[in-house]
Structure formats: structure tokens, C-alpha cells
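The lines below spell out each chain.
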Amino acid sequence: MVTRANPEPARRKVAALLFIALTFSLFLCRSSLVLAQESPYIVTYDHYLEEPGSMELEYFSTFGTQRGGNDFDAFWTEFEYGATAWWTTEVYLAGQTTFNDSTIFTGFRWENRFRLLQREHLVNPALYIEYENTNGADKILKEVEGHDVESDYADSNVVLRKEHDHELEMKLLLSSTFRGWNVAVNPIVTKNLLPSEPWEFAYAIGASRPLALKASPNRCNFCRENFIAGVEMYGGLGDTRSAGLHDTSHYLAPVFAWNLPSDWTVRLSSGFGLNDNSHRLLLRWGLSREFSGFGELVGRLFGGRP
Amino acid sequence: MRAHLAWLRATGRDGLVNLVIFGISAFGSARALAQSEHAAANKNKKSTYAVLAEAPQKERGRRNPFEADTQAVAAGGKLFEQHCADCHGRKAGGARKGPSLLREEVQQTTPGSLFWILTNGVVRRGMPVWSKLPEPERWQIVTFLQSLKLQSVHSQPEKPGPQRSQ
């Protein structure tokens, strides 16, 4: 008797290998590299967009402590593309490992940021619109909204992943840069696309400054101007049914970025929960690299003009 | 690594196919818009340098705090290579995305005008704002661009990129 092997696992392996190959080829591709002057924020956004035609690949990880459950490590990859000087579009793929539990894919997000004014002003606005297709086990805590509290994340992955969220998230990115300091304020509203769900509110604010404002004449890894330090604070503000600070969580996080001349950026952040509803610690790190001319490179692959 | 492979496995074939289709269509739309903007900018090439005249009078008159500072020229050259050369060419002579900065219109304008353009960008033509660079760094770039002016006057070869410290 001849048995036929189930082709599904093999196909999944191939799909996974293709994905890994794509990621590595992007890292190795010969589009030119530029030094990205990246901000140190992980949750807060300033008004600066990706340079047109540039692709930035980013990987972030968040280790979180969990009372009443298992600690977790949530991770996400961002593909950020500067479509024009006023529009940046970005896709996130997110997953998480809950210790003593499992590792699962938790969904994707499509984010768009639009610059609203042509020139620089004292306060510069940008509009952020994001579609999220995630499940309840999503723990990247890229934003803390409404009445999100630590106990929401205590269940096992099997239970949490049963919930599916289709959300629209909008932020007004207000940012100002003066004497080397950047101050950014992001009011946030989120709507689960189910009509019965309320609008949720949140905030993120941040301030940062490079350690030196003048560049040194030579390339160097450890020059002070390559380092940017700052602090960010974020949390929920309730929802349309029950606005306010009760049953909300809030975090204060020193942030730090190291922009290397070799085109890599390293970010570190340690977020501390500010009340009993918050995770005690959210330890985050990120690694990113920017590829200038990526759009042209892909355009040529598909027969575009050289 | 094991965790990440599990993550990838969990997406399943259909999820990945959907994501790839979604990604290609989103990227295609973004790319098409960028190309149409680029074509529109090319049509109006004559007025490429007219934006220099848009700098407010007060800004045009600003003095470069690093004028004739050789250290600033070197630092500005480094910054130019890192942030500007991809569009304007390694020697500032222009490339597909950005115009030449060696042209008379640029070389004869005031340091304040260059600083203003660098700060505000020319968003409608695809030049991003560079106010995220601290003000002294922007002046260092202006100093570097003005050093190119001196070179072109004396018909010397263009300044090469900054030296790499080993």
C-alpha cells in the first residue's frame, strides 16, 4: 500500500525559508546605505518621515514581566518605506513567546504617516493611520490604549489567541525641535471595527536630545553625536463609555539610540509601570538598518527605467 | 531562532500569501505615486532652484557661525556623505533624485538660504526636511557646500568624501 505524504508541513517550511531568504536578501542587497538619524523613541512618534525611496528594516523585542501569569517576550519586524517626502508606509509582523507556554504569530499592522504641512513650524503635525489585524495574544505593547491593564495579558496563549481584533488606530503626531531637543506629543484614538466596541483613548509623549550637537570631522562609532538619549511616557485614557484614568496603565521609559556609521541603529528602553495596573517592567530593544534607493532597486527588478 | 521559526510556521501558507499580495500592492501604489511626483518635478526643472528665493528675508541674512572653519568643512563633508550624497551625488554634482549643488544658483545664494532649505526641505519635490539634524550640524553642511563654491571658483577638483578614521 502506497501512502502519500501530507504536503502541508513541507509547504510551510518552504514558505518560512522563503521569508527568511527575503529578509536576508534585503539585508544584503546592494542598494546604497545611509546613516539614519533615528530617534530613540519606541512608542512615541515625532513628525519625521522616512526619506523617499528608502526602506528601513527594523526588529524590536519587548520583554515584559507578568504578575498572575508568565513573563513574555514579544517581537515584531517592521518594513518601513518612504513613498514620498510626505508619506511613509509601513507593515509590521508581530509574534510573542510566553514563557512556559508557547510561541505564536499575533498578527500584522499596516501603518501610514502623512506630513500635513510643507514647511517646519514651531509645532509640526503629522497624521498617523493604522489598520491592525491581531489576535488577543498580541503583547508588543506598541501602544497602551483605553483600559488596557496588566491582567488582560495573564491568560495562556490558547485562550488569548481566540480573540480577533480588527482595529483602526489614529494618532496626531505633534513634534517640535528646538536647540537639539525634540519634544513629541501623540494623542491617540483607537476603534475596534466591531460596531459595539467603544472608541479608546491613549497618549504618548517623549523628549530626546543628541549627546552632542556638532558633528566631529571623522567617522567614528563612539562620537557623542551618534548617541541620542531621552524619555517617553505612555498610557491609556479610557474609552467613550468610561473616559478617565481609572483602570488604566501607564509607563515611564528612559530611551536611548545609537546611530552607527555602519548604518545600523540600536535602540534600548526600559519601561517602568507607574501604577498597579501596569507591568512592572517592559524591557525593549531594537535593531534597524536603512536602505536608500530601495524603491529604485525594486523598480528595476520589475522592468522600471534605470 | 526556534521561537522565530515557530512564529513563521504559525502564519500558515494562506497568511503569508495574503501578506505578500498585500505588500506588493501597497508597495506598487506607493512607488507609482513617487514616480508621478518625480515626473512632475522633472517637468518643472527650470524652477528647481527657484525655491532658494522662497527663503524669508530674515532667514537669508543669517550668518554661518562656522564660516571658514576647516573642521566644520570636514564635519560637513561627512554629514553630506551620510545624509545628502545619495540624492545629490557624492560630489554634489546632482544625481537622478536631486539637483546639482554646484550650480551658480546654489553657489551664489546666501548661507542663510541654504540653511533654510536644509531645515524646511522641499517636500513637494521630494526633498525631506532635515531639521532632525541639530542646528550646528546643518550649519556644518552649509559650510561644506560653501567650500565647494571656493573650489569651483578656482577650478580645482572637487573635494573628495571625508576621511575615514581607522
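Residues numbered from 1 in each chain as written. Chains lettered and ligands numbered in written order. Predicted model: local features only at pLDDT ≥ 70, side-chain atom pairs only at ≥ 80, totals over all residues.

Report on the overall build of chain B, specifying residues and quantitative values.
Across its full length, chain B carries seven helices and zero strands. Secondary structure elements of chain B occur, N-terminal to C-terminal, as α-α-α-α-α-α-α. Expressed as a percentage of its 166 residues, the buried residues of chain B come to 37%. When contacts within chain B are restricted to residue pairs at least 6 apart in sequence, long-range pairs at least 24 apart make up 70% of them. (Helix = DSSP H or I, 4+ residues; strand = E, 2+ residues; numbered from the N terminus. Buried ≥ 20, exposed ≤ 12 C-beta atoms within 10 Å, placed from the backbone. Contact = placed C-beta atoms within 7 Å.)

So, the overall build of chain A: which residues are in play, and what are the values?
Along the backbone of chain A there are three helices and twelve strands. Across chain A, contacts joining residues at least 24 apart in sequence account for 63% of those joining residues at least 6 apart.

Explain the confidence of the model for chain B residue by residue, including any values.
Residues and elements named next belong to chain B. Mean pLDDT for chain B: 78, with 62% of residues reaching 70 or above. For chain B, per-element mean pLDDT is lowest for helix α1 (residues 2-43), which scores 56, and highest for helix α6 (residues 111-120), which scores 97. Within the model, the stretch residues 155-166 combines pLDDT values under 50 with 22 contacts to residues more than four positions away or in other chains. Interface confidence in the predicted complex, given as ipTM, is 0.86; pTM for the same model is 0.83. (pLDDT = per-residue confidence, 0-100.)

I'd like to hear about the nonpolar core, residue by residue, with values.
All names here are of chain B. In terms of nonpolar packing, the biggest core is built from 33 residues, with Leu-118, Ile-141, Val-142 and Leu-145 touching the most fellow members. Contributing elements (two or more residues each) for this core: α3 (70-83), α4 (85-88), α6 and α7 (135-153). Setting aside residues no more than four positions away along its own chain, Ile-141 makes contact with Gly-76, Leu-79, Phe-80, Cys-84 and Leu-118. (Core = buried A, V, L, I, M, F, W, Y, C linked by C-beta atoms within 7 Å.)

Any chance you could break down the pairing of strand β10 (residues 250-259) of chain A for me, citing the residues and the numbers?
Residue and element names in this part refer to chain A. Pairing between strand β9 (residues 227-239) and β10: nine bridges, direction antiparallel. Pairing of Phe-227 across the sheet is with Trp-258, part of β10. Looking at chain direction, β10 and strand β11 (residues 264-273) are connected through seven bridges and run antiparallel. The residue bridging Asn-259 from the neighbouring strand is Thr-265, located in β11. Hairpin connection between β10 and β11: a loop of four residues separates the two successive antiparallel strands, and Asp-263 in this loop has a positive phi of roughly 80°. (Pairing = 2+ DSSP bridges.)

Residue-level account of the environment of Thr-134 of chain A, with values.
Residues and elements named next belong to chain A. If you trace the backbone, Thr-134 turns up in strand β5 (residues 124-135). What makes Thr-134 buried here is the crowd of 21 C-beta atoms within 10 Å. Setting aside anything within four residues of it in sequence, one finds Thr-134 in contact with Ala-94, Thr-106, Gly-107 and Asp-165.

Describe the sheet that holds β9 of chain A, naming the residues involved and giving the relevant values.
Residue and element names in this part refer to chain A. Strand order around the closed barrel formed by twelve strands is β1-β2-β3-β4-β5-β6-β7-β8-β9-β10-β11-β12, with antiparallel pairing between neighbours. The mean angle between the axes of side-by-side strands here comes to 20°, regardless of whether they run parallel or antiparallel. Two elements, strand β7 (residues 181-192) and strand β8 (residues 199-210), share ten bridges in a ladder whose sense is antiparallel. Considered in β8, the bridge of Ala-184 is made with Gly-206. (Axes fitted to C-alpha atoms, helices over the stretch in contact; angles between N-to-C directions.)

Give me the lowdown on the environment of Ser-278 of chain A, citing residues and values where you can.
Residues and elements named next belong to chain A. By the secondary structure assignment, Ser-278 is in the loop between β11 and β12 (281-291). Taking the number of C-beta atoms within 10 Å as the measure of exposure, Ser-278 has 22 and is therefore buried. A sequence separation of 43 residues divides Ser-278 from Gly-235, and the C-alpha atoms of the two residues are 9.2 Å apart. Among residues more than four places away in sequence, those in contact with Ser-278 are Glu-150, Ser-249, His-250, Tyr-251 and Gly-273.

Describe unusual backbone geometry, listing the residues and the values that go with them.
A positive phi angle, close to 55°, is found at Asp-247 of chain A, a residue other than glycine. Within the secondary structure, Asp-247 of chain A sits in the loop between β9 and β10. Despite not being glycine, Ala-68 of chain B shows a phi value in the positive range, around 65°. Examined against the element boundaries, Ala-68 of chain B turns out to sit in the loop between α2 (57-60) and α3. C-beta crowding within 10 Å serves as the criterion here: with 11 such atoms nearby, Ala-68 of chain B is assigned to the exposed category.

Any details on the pairing of β5 of chain A? Residues and values, ideally.
Residues and elements named next belong to chain A. As judged from the nine bridges shared by strand β4 (residues 103-115) and β5, these two strands associate in the antiparallel manner. Bridged to Trp-110 within β5 is Tyr-131. Where β5 lies against strand β6 (residues 164-178), twelve bridges are found, and the strand directions are antiparallel. Opposite Asn-135, over in β6, you have His-164 as the bridge partner.

Lay out α3 of chain B with the relevant residues and their values.
Residue pairs spaced three or four apart in an α-helix point in one direction, given the helix's 3.6 residues per turn. Residue and element names in this part refer to chain B. Helix length check: α3 (14 residues) gives 20 Å between terminal C-alpha atoms against 20 Å at 1.5 Å per residue, within 8%. Of all 14 residues making up α3, eleven are buried, and the element is well covered by its neighbours. Along α3, the positions that sit buried rather than exposed are Ala-72, Val-73, Ala-74, Ala-75, Gly-76, Gly-77, Lys-78, Leu-79, Phe-80, Gln-82 and His-83. (Expected span 1.5 Å × (residues − 1).)

Mind laying out the confidence of the model for chain A, listing which residues take part and the relevant values?
Residues at a pLDDT of 70 or more form 87% of chain A, whose mean pLDDT is 90. pLDDT under 50 marks residues 1-7 of chain A. Its contacts with residues more than four places away, or in other chains, come to zero contacts.

Would you mind going over the environment of Trp-110 of chain A in detail, with residue names and values included?
Relative to the assigned elements, Trp-110 of chain A resides in strand β4. C-alpha separation for the pair Trp-110 of chain A and Val-91 of chain A, spaced 19 residues apart in sequence, amounts to 4.7 Å.

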